[in-house]
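Inside the fold
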Amino acid sequence: MLVKTILNRCQKFKHFVYGTVRLTVHEGRECIVADIAPRKGSAAICSSCHLPAPGYDRAPEPRFFEFVPLWGIAVFLVYFMRRVDCA
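Residues numbered from 1 in each chain as written. Predicted model: local features only at pLDDT ≥ 70, side-chain atom pairs only at ≥ 80, totals over all residues. Heavy atoms only, no water.

**Describing the sheet that holds strand β2 (residues 29-38)**
Within a sheet, adjacent strands bond to each other through the backbone by hydrogen bonds, running parallel or antiparallel. Let me state the cut-off plainly: What makes two strands pair is DSSP finding at least two bridges between them. Each helix is a run of DSSP H or I of at least 4 residues and each strand a run of E of at least 2, with the numbering of both proceeding from the N terminus. Axes, fitted as lines to C-alpha atoms, cover a helix only where it is in contact. Angles between the N-to-C directions of the axes lie from 0 to 180 degrees.
One open sheet accounts for four strands, arranged β1-β2-β7-β6; its pairing is mixed. Taken across any chain shown, the strands that pair with only one partner, and hence form the sheet edges, are β1 (16-26) and β6 (63-70). Averaged over all neighbouring strand pairs, the angle between strand axes comes to 30°, with direction disregarded. In this sheet, β2 lies alongside β1 in antiparallel orientation, the contact comprising nine bridges.

**Considering the packing of aromatic side chains**
Stated formally: Aromatic pairs are defined between Phe, Tyr and Trp rings, using the six-membered ring for Trp, whenever the two ring centres lie within 6.5 Å; interplanar angles under 30 degrees are classed as stacked, those over 60 as edge-to-face, and all others as tilted. When a residue's accessible area, from a 1.4 Å probe over protein chains only, is under 20% of the maximum for its type it is buried; when over 50% it is exposed; and in between it is partly exposed.
Taken as a whole and assessed by the stated rule, the structure comprises four aromatic pairs. Residues F16 and Y79 carry aromatic rings whose centres are separated by 5.2 Å and whose planes lie at 85° to one another, so their mutual orientation is edge-to-face. Placement of the pair is F16 in strand β1 and Y79 in strand β7 (residues 73-79), with a sequence separation of 63 residues. Residue class for F16 comes out partly exposed when judged on its relative accessible area of 24%.

**Some words on unusual backbone geometry**
Positioned with a positive phi, E27 is a non-glycine residue whose angle comes to about 55°. Tracing the backbone shows E27 in the loop between β1 and β2. Not every positive phi belongs to a glycine, and W71 is a case in point at roughly 55°.

**A look at the nonpolar core**
Using the following cut-off: We define a nonpolar core as any set of buried Ala, Val, Leu, Ile, Met, Phe, Trp, Tyr and Cys residues linked to one another through side-chain atoms lying within 4.5 Å. Residues count as neighbours in contact if any of their non-hydrogen atoms are within 4.5 Å of one another.
Membership of the largest hydrophobic core is limited to 10 residues, which are L7, Y18, I32, A34, I36, F67, L70, V75, L77 and Y79. Dropping the residues within four chain positions of it, L7 is found in contact with K12, Y18, V21, A34, F67 and L70. The next biggest cluster of nonpolar side chains, apart from the first, holds five residues, and it includes C31, V33, F76 and V78.

**A few points about the side chain of S42**
Here is the rule we go by: Polar contact criterion, stated in full: a pair of N or O atoms within 3.5 Å, where within protein one must be able to donate a hydrogen and the other to accept it, and residues adjacent in sequence count only if both atoms are side-chain atoms.
Looking at the secondary structure, you find S42 in the loop between β2 and β3 (44-45). A distance of 2.8 Å separates the side chain of S42 from the backbone oxygen of R39, its partner in a polar contact. Filtering out sequence-adjacent residues up to four positions away, S42 remains in contact with H15 and R82.

Here it is, written out as structure tokens:
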């Protein structure tokens, strides 16, 4: 069974989909890195008011979010944050 399949069955995110999943070295330790991307048709959510808002850009650098370890291996979700135009 693929790690991506395990992630999809155990932890689904409403507005996101899993992309490439790979085993790599991050911050000097071996870990699983999974790219996540916004689901097509889903609106971006403003971090201040928590309401849907139109997006205008993506951050130039990805952010790494530490996730629950699998089999004692650290898991990171990698995401290019969307920027929104909120009133």
